[in-house]
Every structure is written in structure tokens, then in C-alpha cells.
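# Coordinate analysis (summary)
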Amino acid sequence: MYSLLMLCLLTASLFAGGNGEVKGTVKGADDLAMEFANVLLLKPADSSLVKGTITDSLGNFAIGNLPFENYLLAVKSIGYAPAYTGVFNISETNTEHSTGIIRIEDTTVSLDEVVVKSRKPTVQMYADKLVLNVEDSPIATGNTALELLEQAPGVSLDHNDNISLKGQAGVLVIIDGKQTYLSNQEVAKMLDGMSGESVKKIEVIHNPSAKYDAEGTAGVINIVMKKDKNLGLNGRISGSIAQGLSSNYRGKVELNYREKKYNVFGSYGVGTRNEKEYLLLERRVPSGESTTIFDQRLDELNDRINYQSRVGFDYFLSDKTTVGFLFNRNATSKDSDNITNTQISGDPFLAYESITVDAVGDNSWYTNTYNANVTHAFDDKGHQLSVDADYSRYDDPSLDIYENRFYNAENEQLGVSSWIRSNSHSKVDMKALKLDYARPLSETLSLEMGAKMSRVNTDNSILFELRDGDADWTVDDGRSNQFIFDEKIYAAYGTVSTRIKNVDVQVGLRSEYTVSDGRSVTLDETFQNKYLQFFPNLSLAHSIGDSHSLNYSYSRRIGRPNYEALNPFVYFLDQYTYSQGNPYLKPEFSHNFNVTHGFKNFIYTTLSYSRTTDAITEVLEQDDATLTTFQTTENFKSTDNLALNIAAPVPVKDWWMMRFDLTGWYGGFNSELSSGSVDKGSVSGFFYWMNMFELGNGIQAQTNVFYQSPLVWGLYDLKSEYGMDFGLSKEVLDGKGELTLNVQDVFNTQRTRLGLNHGNIDLGLEQKDETQRIQIGFTYNFGKSSVKKARSRTTATEEERNRVNGGN
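Residues numbered from 1 in each chain as written. Predicted model: local features only at pLDDT ≥ 70, side-chain atom pairs only at ≥ 80, totals over all residues. Heavy atoms only, no water.

## Topic: the overall build of the protein chain
- In terms of regular secondary structure, the protein chain is built from five helices and 47 strands.
- Counting all 808 residues of the protein chain, 55% fall into the buried class.
- Expressed as a percentage of contacts within the protein chain between residues at least 6 apart in sequence, the contacts between residues at least 24 apart total 68%.
- By element, 55% of the accessible surface of the protein chain is carried by carbon and sulfur atoms, the whole surface being about 33,400 Å². (Helix = DSSP H or I, 4+ residues; strand = E, 2+ residues; numbered from the N terminus. Buried < 20%, exposed > 50% of the residue type's maximum accessible area, 1.4 Å probe, protein only. Contact = heavy atoms within 4.5 Å. Areas by Shrake-Rupley, 256 points an atom, 1.4 Å probe, with all protein chains shown as cover.)

Here's what the structure looks like:
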């Protein structure tokens, strides 16, 4: 309550006068930006500490609200020798002091001599983003990247792997700042096959700047992978085993060789994702004067094996120019064996009272991504140009066979089995070219601009075949289809950053021109859409005294339908329940507002509001005459989201740190559907409680507890969900190795439960994944460990790969 009150009171003083400021950039000897370096402001007389901060991802820092007097700076980072500036003066005639580039030299300490290890806080809160550091978390070992994403405060996945943020859909997931061009469901598939040990941190960005693609009405989630920072030959071997209802394993080898002129790196990993799940679905369908009740249970047995490989190099042509190449491959093979039992009652005209569907599936998919890049720095003050060229290929063939058996009240099979065979193939080619340019114009004014072109071609085909008993297969022309989609996006952006008195101002504008064409080859139907849209962005940041900071931001964003949602194909659970795409979907647009108050860089309170028009929302529709219910996607007229978030660390003891993250929001939905009007909403909340314990002798423990209250999501009423995870880690082999033990979903409470009562639709659903398991892991680091800052690369094809075919 105190923080919220201060947020209101301090807003009025945004443009109040301040004192002085010092800022600069920290770089290593290789001219690479130093992230998370400690910058200490000292008094020259006795070197006593006045203030401190850390550098951002670009190595930049700023310390404001300084009284007029003399100071000096000390810069420190693990693995580097401290660096000091000369004495400088802040006065009425010199209120802003720029140090320029501060360089720190690595100490080149070998692992054979000493092992340097530090841990960042698990959760860090900034004015514009929340960061979940999982690199050293004992809970990360043995988990997939998808499971780590679910641990990020405010992030949740529904029963179809749709990702939402603070109860709002339309999240853009990027990896290392690069778009994947996959749908959220397909991203979930990819992350589900990715080892959690490969993830360094997860950044939740609520209002991205104009430099980011405008995709993602709810914000951006950036998954940052681990990068080696060391000179010479070094590497890491990791592995884990897990036991729940199913057994799983993971293993990975990473190698890196870095010299002054070049860096070569690669990795290979393999892991299984075997799991047993169930889904319960009860539907009540009006049928004349009676009601037909469908009581369905789906038992799933899925066996997955995933292979990941990565290779790349950077070559330093000069101190200012670097070229690089990167190749990533992610491949998964999945075998499924599912049984659906449906009990039917209340319909006197049906000859059977139950249906059993045995479904077996053989599904394999892969994504290959190629990136070539060049970066040139014109000087050491941030004036630089970078170019990225990308090509990605996604391929997803799938074969599913369904056997339908019908039974009477005495559980006797009626007639022969009815068979359906579905053979589908999705292919997606993605090409992109991106250019980014940045130039400081003065100590208080900088400019960023860039352009991007992308093209995505998808070719989806599905062949349905039918047979009764042992008869020959016959093609079902009514459901077989081929859908081809082509999309081109031309984008440009510009961002100006400056400081007016004591207010940091960033203004940006992005334009995107989209041309999309869809064609159903089988039905001989075409769909076309062209639109030019502008996406402004504004951010104001301000400090008041030593204790308070305020950040205001606004952005307009877009959410394009993913390619699976546009595909009009039909996918069956049984003959009464299926899903189908909608080629007539339009893009959604949102206006997003945020105000964040920080108290002593300790307690952060964020008030946010967004309105989305033509909101892309999952719905259910029902045909009472045929008793069928199917899932599809529609454009809602509008959705509203008003949220309040409070986050704070609580140091209990020197060895015990707690962190709370509490989010409350109102979500409202309004639209006119064929099944009736929708005007509903709810007040909901999310609570995250993390504990970190340093137990001595290299032992660390961690617990995570979360609670999600009931909420309204479109037509659905979701019930509450809660769970707890526990982990232990122990350093071994003189710090070169680490043993971990963790238990996921300790009390086996995590499950999805929802209801829907709208128009003629009345149903309830419960889905339980295999969330409880115990895992043991081991990691060993070898080779030289001369700490150096690695070069971070982004590619151009992230958004398009984020919208490819949703899947299993």
C-alpha cells in the first residue's frame, strides 16, 4: 500500500528539478560491452561509497541526483582487475559528466589455480523488465526450457500451451533477441525439447521499444541462452535423469575455442520427454426436449526424443569489425498412443452408448536456422552498424491413425471398427534481412534506426482416408486439403533518446507494411490481406531523491494470427470433438500503458493497462443437430487488461533470501459471436514466492511456490492452480562440478480445470500433465577459464518463426 501511495504522489513531481549526473560505458579489453559490472561512486577524500549501480546489457550506466561536489568512480567485475577514473566535479555549470569508455582488463586466472563463481539473484526487477536468472538455480537442472518459462512470475500456459502474461495473451517469445517465427504452441514444442541447463536467464519485457518487432500485444519474453566468456579451449558436460510416472534422461556437450582474432563454438544435446497425461471432458448438448451428455476421458502416452545442435564462429576482422555465422538445429521425434473413452447418455435415438477411440501417432519435426552477420563500430562511443541475414526451415510430417469402436449398454461392440487415417505435412520457409544503426549525437542525445524485410512461405497438406473393418482405404475428399500461405513484411523504425533536465526520454516509431496471401488448393479459395500500420513508443524515466524512481511508457503493438490458426484443416479427438482453423482471422492491435515506481531499487510497483481490438481468442462452437463441438479461433471485438504488480526481495538472514511477486488484474472480454454476445470479466491474481538458502560448503537450496486464482479467459472460466518446486545443489571437484537434486510439483497439485457455459455450450474440463518428478543432475566444466566477455548475436527471423504451425 505504501508503494502504491508513493506511486500516485510522486507522479505529480515528474519534472521536478534534480542535481547532477554521471554516466558512461564499461568495456573489456576486446571492446565488448561488460554487463552486470559494479560501478561505485566514491568520495575522493576517503574513498567512502556514495552510490552504486550495475551496467546494463550494453555496458552503460548512469548515476543521478548527485549533490554538487567532487567524485571518482571505481568499476569492478569478477575475473577483471578494478578500474578507477580520475576525480571529476559536479557543479551548477557542469551538471552532467560523461566518463566515456571505461576499460577493465581481465585477470586471466586459470581454473587450475582458482575457481571464481558468483550467483546473481534469481529474480531481478528493472523499470522496463523482469529478469529470472536460472543459470545457477538448482531447480533448472533436469528441466526443459519450457518448464523454466512457466516459473517466470506472471507467465502461464493453458491446456493448449498458449502462453500468456499477467492473464493476457499475445506474447512474443524470442530467443537471444531473435524471433523464432513459430506460433506460441510451436515455441512450446521447441522449448519442451530444449535443456534447461542451456538457459541463462528469462527476460519479461512489458513495453518493448521500437527496435523490437511490433508483434506481441502483451509484451515480449526473451530467453537468453548461455554463452561462453572464456579464452582458449573450454567446455561443459552435463546430464540428468528424472523419474515420475515415466523415466527421462538428458545429456549435453558444449565446446568453445576463443582467441584474439576468432571464436568457434558448438554444442550437441539429446534428451527424452516421455510422459503420461489425462484429460476429462464433460459436455451437455441440447437435443430436442432432452439433453445428451458426453463424458469423455483421454489417456495419453507420449514418448519424445529431442536432438539439439549448434555451431558457429565469430571472426574479428579488426578492432571495430566482426563477422559471424550461426547454425541451429532442433529436431524432435514423437510417438503417441492415446485412448479416448466416451460415455453417451440422454439421447434415445443413438444406437450406441459409448465410443472408444484408439489413436497412434508418428510425428517428427525439425527447425534449421542459418544466420550470417556483420557488425562495425565506427568509434568507441556507441556509433555502430549491424546487418543480419537469416534463413529458417521448419518441417513437420505427421501420421495419425484412429480406430473407432461403438458399444451398446451391455458393452458389446456394434459392427466393425471405423478407421480414420490422417497424413499431414507442414513446411515453412522463412527469410529475413535486418539492418540496425546506432549513433550518439551528443552526451545527452542518441539515435537508433533500422529496417527489416521478411518473407514466410508455408505449405500445409493433409490427406484423410477412411475404412470400415478390413476394407480398403478410401480418400475422404471432404476433409483432405492443401493450404498455402505467403506473407511479406517490410518494416522500418527510428528511436531518439535524450535527457531533458532530470528526465530520460525515449521516443520511437516503427512502421510495418504487410502483404499476406492464403490459398486453399483443394477448395480453390483464396484469401488476401494488405495493411500499413504505425507503432509509436514513448518512455519517460525519472528519479526523485536517492530512494524513488518512476518510469512511464506507452506502445502500440500488433498480434498477427499464427499460421496454424489460419489453416482451415480439421484435427479430431473423436467424431464429436475436433478443432479447425479460421482463414478469415484478422490481426489484433493493442495500446499498452505502464507506470513503474521503484523504491531504493528494492520494491517495484507497476500499474499497467492495455486495450486490444480484434483480439484473437480461442472459442468453442457447437452444432446441436450433429452433437458436435469444435474448437476454433475468432476475433473478439475488444479485451481490456488492468494490472497491478508488486515485487520485492526480503533478506531474512545472511544465508536466507525471500522474494515475493504479487500481480492482480482485471481482464474483460467483449464481442458478438454466432453463439451469442460476450461481455464478461474477472478480477484475478498471481502470487509467486521464492526462497534461496546458502547452507555453506557449496550447498544451496531453493523453493518456488505459486498460486493462480480463478480467472475468466474469453469464454472459459478457469479454476485456481497452485504448486511447489524444491531444489538442492552442491559444488564438487574444487568447484569444477555441480551436483543437483530437485523435485518438481512436490505435492502433485498442478492441473488445468475450466468450465464453459455460453449460449448452447455447457462443458467442464480437467487436464493433468505429468508434472511431479524427481531429478538428479551433474555438470562438469573443463579447460581454460580466462574470463572474457562473449559476443552476443541476434538474428532477423524471430517473429516469423514464432508464428509457424501450432502443434502437439
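Now, onward.
## Regarding a negative patch on the surface
- Negative charge collects at one region of the surface, where Asp303, Asp335, Asp337 and Asp362 lie side by side.
- In this structure Asp335 comes out as partly exposed when scored by relative accessible area, which is 41%. (Patch = residues over 30% accessible without salt bridge, like charges linked within 9 Å, V, L, I, M, F, W, Y side chains within 5 Å. Salt bridge = Lys/Arg side-chain N within 4 Å of Asp/Glu carboxyl O. Lys, Arg positive; Asp, Glu negative; His and termini not counted. Charge placed at Lys NZ, Arg CZ, Asp CG, Glu CD.)

## Overview of the side chain of Asn582
- Along the polypeptide, Asn582 turns up in the loop between strand S33 (577-580) and strand S34 (588-599).
- According to the relative accessible area criterion, Asn582 is buried, its value standing at 12%.
- A polar atom in the side chain of Asn582 sits 2.9 Å from the backbone oxygen of Thr633. (Polar contact = N/O pair within 3.5 Å; in protein donor to acceptor, adjacent residues only side chain to side chain.)

## Observations concerning the confidence of the model for the protein chain
- On average, residues of the protein chain score 82 in pLDDT, and 84% of them reach the 70 mark or higher.
- Within the protein chain, helix H1 (residues 2-11) has the poorest average pLDDT of any element, 40, and strand S27 (residues 474-475) the best, 94.
- The low-confidence segment residues 108-119 (pLDDT under 50) makes 23 contacts with residues lying over four places distant or belonging to another chain.
- The model gives residues 786-808 a pLDDT under 50, and that stretch makes 164 contacts with residues more than four places away or in other chains. (pLDDT = per-residue confidence, 0-100.)

## Observations regarding the nonpolar core
- Core analysis: the largest hydrophobic core is formed by 49 residues, its most contacted members being Leu191, Val199, Ile202, Ile221, Ile223 and Phe636.
- Among the nonpolar cores identified, the runner-up in size contains 31 residues, and Val285, Tyr394, Phe527 and Phe572 belong to it. (Core = buried A, V, L, I, M, F, W, Y, C linked by side-chain atoms within 4.5 Å.)

## Regarding the pattern of salt bridges
- According to the stated counting rule, one finds 28 salt bridges in the structure shown.
- A salt bridge links Asp762 to Arg284, with the nearest nitrogen and oxygen atoms 3.8 Å apart. A residue pair is termed long-range when its members are at least 10 positions apart, and Asp762 in strand S45 (residues 761-768) and Arg284 in strand S20 (residues 275-287) qualify at 478 residues.
- Overall, Asp762 belongs to the partly exposed group, its relative accessible area being 28%.
- We classify Arg284 as partly exposed; its relative accessible area is 36%.

## What about the pairing of S34?
- Counted residue by residue, S34 has nine buried out of twelve residues, so it is predominantly covered.
- As paired strands, strand S31 (residues 548-559) and S34 are joined by twelve bridges and run antiparallel to one another. Counted as the bridge partner of Ser553 is Asn594 from S34.
- When S34 meets strand S35 (residues 603-623), the two strands line up antiparallel, connected through eleven bridges. Opposite Asn592, over in S35, you have Ser610 as the bridge partner. (Pairing = 2+ DSSP bridges.)

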